[in-house]
Amino acid sequence: MSERTYLDHNATSPVRPEARAALLDALDATGNGSSVHGEGRATRSTIDTARRRVAALVGADPRGVIFTAGGTEADTLALTPDYQRGEEALAFDVLLVSAVEHAAVLRGHRFPADRVEVLPVDARGRVLLDALDAALERHAGEGRRALVSVMLANNETGVVQPVAEVARRAHAHGALVHTDAVQVAGRMPVSISDLGVDLMSVSAHKLGGALGAGALIAADPDLRPAPVFAGGGQERGRRAGSENVPAIAAFGAAAECAAACAEADAMRIHALRERLESALRCEFPELVLLVGDVDRLPNTSCLALPGVPAETVVIALDLAGVAASAGAACSSGKVAASHVLEAMGVPERIARSAIRLSFGWSSGEEDVDRAIGVFRRVVPGLLRRRAAA
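Thresholds, definitions, all that
- Residues numbered from 1 in each chain as written.
- Predicted model: local features only at pLDDT ≥ 70, side-chain atom pairs only at ≥ 80, totals over all residues.
- Heavy atoms only, no water.
- Helix = DSSP H or I, 4+ residues; strand = E, 2+ residues; numbered from the N terminus.
- Rg over C-alpha atoms; globule rule 2.2 N^0.38 Å.
- Buried < 20%, exposed > 50% of the residue type's maximum accessible area, 1.4 Å probe, protein only.
- Areas by Shrake-Rupley, 256 points an atom, 1.4 Å probe, with all protein chains shown as cover.
- Lys, Arg positive; Asp, Glu negative; His and termini not counted.
- Charge placed at Lys NZ, Arg CZ, Asp CG, Glu CD.
- Contact = heavy atoms within 4.5 Å.
- 1 Å grid on protein atoms, 1.4 Å probe; cavity = no way out; pocket = protein on both sides within 12 Å on 5 of 7 lines; lining within 4 Å.
- Points joined across faces, edges and corners; volume = space filled by probe spheres on them.
- Nonpolar A, V, L, I, M, F, W, Y, C, P; charged D, E, K, R; others polar.
- Pairing = 2+ DSSP bridges.
- Axes fitted to C-alpha atoms, helices over the stretch in contact; angles between N-to-C directions.
- pLDDT = per-residue confidence, 0-100.

Draft legend 1. Inspection of the overall build of the chain at higher detail. For the chain, the helix and strand inventory stands at 12 helices and 18 strands. At 22 Å, the chain has a C-alpha radius of gyration in line with the 21 Å of a compact globule built from 389 residues. With the principal axes as the frame, the chain shows a C-alpha extent of 65 × 55 × 40 Å. Within the chain, the proportion of its 389 residues that are buried is 54%. Accessible area for the chain stands at about 16000 Å²; split by element, carbon and sulfur atoms hold 53% of it. Side chains of the chain carry 41 positive and 48 negative charges; the gap between the two charge centres is 3 Å.

The following block contains the structure:
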């Protein structure tokens, strides 16, 4: 197991040493952050420190950070028809989302189904801005106010969306804009103000924090979505329930580390990805690199051996010591092509064969070397089996 190569950072990244230390320190704390005694105040200080660190990761005001149990909850919290800005109630009539959003957005929102419109994407997986314009104009003309959610980068393909342009166009029609930045925050520099979005979801375990913490970040701290949970007044009344202090402390530590080296890490990881892709495409001409010619995350490769089922490739790689992900999901024993690749118009034979390799903060040259060696051992056998089928 010591020789295994982990190439599934888009699913979760290993916990950074600094985050582990912060988590263990927080486990030793006694107080509840809502208590006024010394122990409670110490816990509150731990939470506030983490809040400042997470806010700094994306250049936000700490008062706009709402801690959640993860990115999924952050998306659900954001995607509600009911908001307040200070004392003013805001109501949204329709939700506009891209066809390649994570399931946390496509299925996790709180709008009635008949008030959700899915926007198409082009062959590279980028939302069609003309379709966005048409939808915004149509709804505005009929007196409906929109909330728009377009992810910053796709979890399967790594494709980066034109979110700043989406925000500019949406705001021109009075819409509110949310972006799921779970795959981007901590992996490359990102600024909530430069993007111009109103709300951003981030997750701890994607950038080397612990599972169990995420955040919805509002550019305007006075903007408040209707809570998912009713109860106490934690998180300034925006998310009830005693905070998961150890996970939040680890989140803050991981965010601080990621922010300090985001630009350098992005360049380093990009070089690793490029070396791996170049070697694999040279050795295996049959290999298809999806969306290789568009702006994407520096860490993500989406590859396919047409005609070889993705789960077969993932299992073979796993048995040989490489952890990767399939670009397909299994439901009731039936393998279905990824909704992302389907929305892009990728032929089914390729879509059902797509796998994802993703690097992260702990990746190094040795991971590329071992992965290339494993592919050399595994792929010829898979191609022989395909030919014999």
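There's more to say after this.
Draft legend 2. Summary view of the environment of His102. Secondary-structure assignment places His102 in the loop between strand E5 (94–98) and helix H4 (103–106). Taking the C-alpha atoms as reference points, His102 and Glu342, 240 residues apart in sequence, are found 14 Å from one another. Residue contacts for His102: discarding those within four places in its chain leaves Met151, Asn155 and Asp180.

Draft legend 3. Structural view of empty space enclosed by the protein. On inspection of all chains with the given rule, the structure shows 3 cavities of 30 Å³ or more. By residue class, the composition of the lining of the largest cavity is 3 nonpolar, 3 polar and 4 charged.

Draft legend 4. Representation of the sheet that holds strand E3 (residues 82–85) in the model. The strand order across the open sheet built from 3 strands is E4-E3-E11, with neighbouring strands paired in antiparallel fashion. The open sheet has two free edges, formed respectively by strand E4 (88–91) and strand E11 (223–225), since each of these has just one partner strand. Between one strand axis and the next, the sheet turns through 30° on average, direction left out of account. Pairing of E3 with E4, which is carried by 4 bridges, proceeds in the antiparallel orientation. Opposite Gln84, over in E4, you have Ala89 as the bridge partner.

Draft legend 5. Seen up close, unusual backbone geometry. Even without being glycine, Glu235 reaches a positive phi, approximately 55°. Along the chain, Glu235 turns up in the loop between E11 and helix H8 (245–283). Taking the relative accessible area as the measure of exposure, Glu235 reaches 5% and is therefore buried. For Arg236, which is not glycine, the phi dihedral falls at a positive 55°. Looking at Arg236, the relative accessible area reads 43%, which means it is partly exposed.

Draft legend 6. Region of the structure containing the confidence of the model for the chain. Per-residue pLDDT for the chain averages 94, and the proportion of residues at 70 or more is 97%. Contacts from residues 328–334, a stretch scored under 50 in pLDDT, to residues over four places away or in other chains number 7 contacts.

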